Amino acid sequence: MINKVVNNAQEAIAGMTDGMTLMLGGFGLCGIPENCINEIVKQGITGLTCISNNAGVDDFGIGLMLRKRQVKKMIASYVGENAEFERQLLSGELDVELIPQGTLATRCLAAGYGMPAIFTPAGVGTEVAEGKEVRNFGGKDYLMEMAFEADFAIVKAWRGDTAGNLIYRRTARNFNPIMAMAGKITIAEVEELVEVGELDPDHIHTPGIYVHRIFRGTDYEKRIEQRTVRAN
C-alpha cells in the first residue's frame, strides 16, 4: 500500500506553477480546502485558471487569491457574493466563464471517467452555446461541452487514511468527490488522518486510487457564508 501522506500544504502543492489550471472543491465556503488556498496565496502563484462552483468571498477562500490578482480565469456557476470578483470582471481584468451548475458537475465527472465530452440540453439557444457544437438526438438539441483538464484538483474531506481514501461530512461533500476524480494530481486535506483499515469501507466516498497527496489540515475557520438564525 502506497503511503501518500505529506506533512503540510506547502509540500502538498509542490510542483504547482504559474499558469496552471486548478479545481477547488467546496460550495460557497462549505468544504473548501482552506489550508491549500492559504498556501497558494502565500507562495504567490499566479496566472491561474480556477474551476470551482463559486469564487469565495472578498476575504476568504478563492477571494483571497482574487484579491492578490493570482487568478487569470474563473470557471464557475455562481459568483454573487464577491465584490472584488465583480470589480475585476467589469474592469476586464478577469476572464470569466459562467456555466450551468449541472454542466459544471458533469464536466468534472467526464474528466474523472476519462470521457472527452458530454452532451447536455442546458444552454442550448443561449449565450452559453455560442461557438459550441450542437447535435440533435431523438428530436432534441444538445450542446457539446468538453471535459475539464485540471493540473491539480484540491479537495477537503472530513476523514482520510494514509492510502488516500476519503470520507466527507454531510453538506461539505458537495463538489469534492467529483473533483477528486478529475485532477491530473489530486490533493486532499483532511481534518482527521488515520491508518489504513481504520475507515469503514462502506463509508468511503472517494477511493484512494484517485488521491495522490494527503495531509492533515489545521486551524479551519469553517466560515458560514450567510448565517441565518431563528428569532426566539
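Position numbers for residues start from 1 in each chain and track the written sequence from start to end. The predicted origin of the model limits local features to residues at a pLDDT of at least 70 and limits the giving and counting of side-chain atom pairs to 80 or more, whereas totals for whole chains, interfaces and linings rest on all residues. Side-chain metrics in this entry use all non-hydrogen atoms of the structure; hydrogen atoms and water are not considered.

Going by an unreviewed UniProt entry, the chain carries the name CoA transferase subunit A and comes from Parapedobacter deserti.

Trainee: Help me understand the packing of aromatic side chains, please; the structure alone is not making it clear to me.
Mentor: The relative placement of two aromatic rings is captured by the distance of their centres and the angle of their planes. Ring pairs are drawn from Phe, Tyr and Trp, using the six-membered ring of Trp, whenever the two centres fall within 6.5 Å, and their geometry is named by plane angle: stacked under 30 degrees, edge-to-face over 60, tilted for the rest. Tallied over the full model, the rule gives two aromatic pairs. With a centroid separation of 5.7 Å and an interplanar angle of 70 degrees, the aromatic rings of Phe137 and Tyr142 are classed as edge-to-face. Under the scheme applied here, a residue whose accessible area is under 20% of the maximum for its type counts as buried, over 50% as exposed, and between as partly exposed, the area being computed with a 1.4 Å probe on protein chains only. The class for Phe137 is partly exposed, based on a relative accessible area of 41%. The partly exposed category is assigned to Tyr142, whose relative accessible area is 21%. Connected via pairs of aromatic rings, a cluster forms that spans Phe119, Phe137 and Tyr142. Here, a charge over a ring is recorded when the distance from Lys NZ or Arg CZ to the ring centre is within 6 Å and its angle to the ring normal is within 35 degrees. One Lys or Arg, Arg159, reaches over the ring of Trp158 and ends 5.9 Å from the middle of that ring.

Trainee: When you look at the side chain of Lys156 in this model, what are you seeing that I'm missing?
Mentor: To qualify as a helix, a DSSP run of H or I must reach at least 4 residues; to qualify as a strand, a run of E must reach at least 2; elements of each kind are numbered from the N terminus. With respect to the secondary-structure elements, Lys156 resides in strand 8 (residues 150-161). Among the residues examined, Lys156 registers a relative accessible area of 7% and is labelled buried. Contacts described as polar in this section are N or O atom pairs within 3.5 Å, which, within protein, must combine one atom able to donate a hydrogen with one able to accept it, while residues neighboring in sequence count only if both atoms come from side chains. Within the structure, the side chain of Lys156 is placed 2.9 Å from the side chain of Glu191, a separation counted as a polar contact. The contact criterion used throughout is that any non-hydrogen atoms of two residues lie within 4.5 Å. Setting aside residues up to four positions removed in sequence, Lys156 forms contacts with Gly31, Ile32, Pro33, Tyr168, Ala172, Asn176, Glu189, Glu191, Tyr220 and Lys222.

Trainee: Sorry, what's going on with unusual backbone geometry here?
Mentor: Peptide bonds are trans in most cases, and residues, glycine excluded, mostly fall at negative phi. Phi angles above zero are rare outside glycine, and Arg69 is one such case at about 60 degrees. Relative to the helices and strands, Arg69 resides in the loop between helix 3 (62-67) and strand 3 (71-76). Of note, the phi angle at Lys222 is positive, near 50 degrees, even though the residue is not glycine. Inspection of the secondary structure assignment puts Lys222 in the segment after strand 11 (213-216).

Trainee: Teacher, can you tell me more about the nonpolar core here?
Mentor: Within soluble globular proteins, side chains that are nonpolar tend to cluster in buried spots. In plain words, nonpolar cores are sets of buried Ala, Val, Leu, Ile, Met, Phe, Trp, Tyr and Cys residues tied together by side-chain atoms within 4.5 Å. Of all hydrophobic cores here, the largest spans 30 residues; its most connected members are Met16, Leu22, Ile40, Met65 and Met74. Those elements giving two or more residues to this core turn out to be helix 1 (9-12), strand 1 (21-24), helix 2 (34-43), strand 2 (48-51), helix 3, strand 3 and strand 8. If near-sequence neighbours (up to four positions away) are discounted, Met65 is found in contact with Leu22, Ile37, Ile40, Val41, Leu48, Cys50, Gln70 and Val71. Ranked by size, the runner-up nonpolar core spans 23 residues in total, among them Ile99, Val155, Ala157 and Tyr168.

Trainee: Is there a simple way to explain the pairing of strand 6 (residues 134-137) in this structure?
Mentor: Consecutive residues of a regular strand have side chains that alternate between opposite faces of the sheet. For two strands to count as paired, DSSP must find a minimum of two bridges between them. Taken together, the four bridges between strand 6 and strand 7 (residues 140-146) define a ladder with antiparallel strand orientation. The residue bridging Asn136 from the neighbouring strand is Asp141, located in strand 7. Counting the residues in the hairpin turn of strand 6 and strand 7 gives two residues, including Gly138, whose phi is positive at 60 degrees.

Trainee: I keep staring at the sheet that holds strand 6 and nothing clicks. Help me out?
Mentor: The strands that make up a sheet are held in pairs by hydrogen bonds between backbone atoms, and each pair lies either parallel or antiparallel. A sheet is described by the order of its strands in space; here three strands give the open sequence 5-7-6, paired in antiparallel fashion. Lying at the two open borders of the sheet, with one neighbouring strand each, are strand 5 (117-120) and strand 6. Averaged over all neighbouring strand pairs, the angle between strand axes comes to 35 degrees, with direction disregarded. Contacts from helix 5 (residues 101-113) reach strand 5 and strand 7 within the one sheet, and its direction differs from that of strand 5 by about 150 degrees. Every axis corresponds to a line fitted to the C-alpha atoms, with the helix fit spanning only the stretch in contact, and the corresponding angles, defined between N-to-C directions, vary from 0 to 180 degrees.

Trainee: In this structure, what is going on with helix 5? I would like to understand it.
Mentor: Taking 1.5 Å per residue as the helical rise, helix 5 with its 13 residues ought to reach 18 Å, and the 19 Å between its terminal C-alpha atoms agrees with that figure. Among the residues of helix 5, those classed as buried are Thr103, Leu104, Ala105, Arg107, Cys108, Ala110 and Gly112. At its buried positions, helix 5 is contacted by strand 1, strand 2, strand 4 (95-98), strand 5, strand 7 and helix 6 (176-180). Once helix 5 finishes, Gly114 follows within two positions and takes phi at roughly 80 degrees, a positive value. Take the number of residues in a helix, subtract one, and multiply by 1.5 Å to get its expected span.

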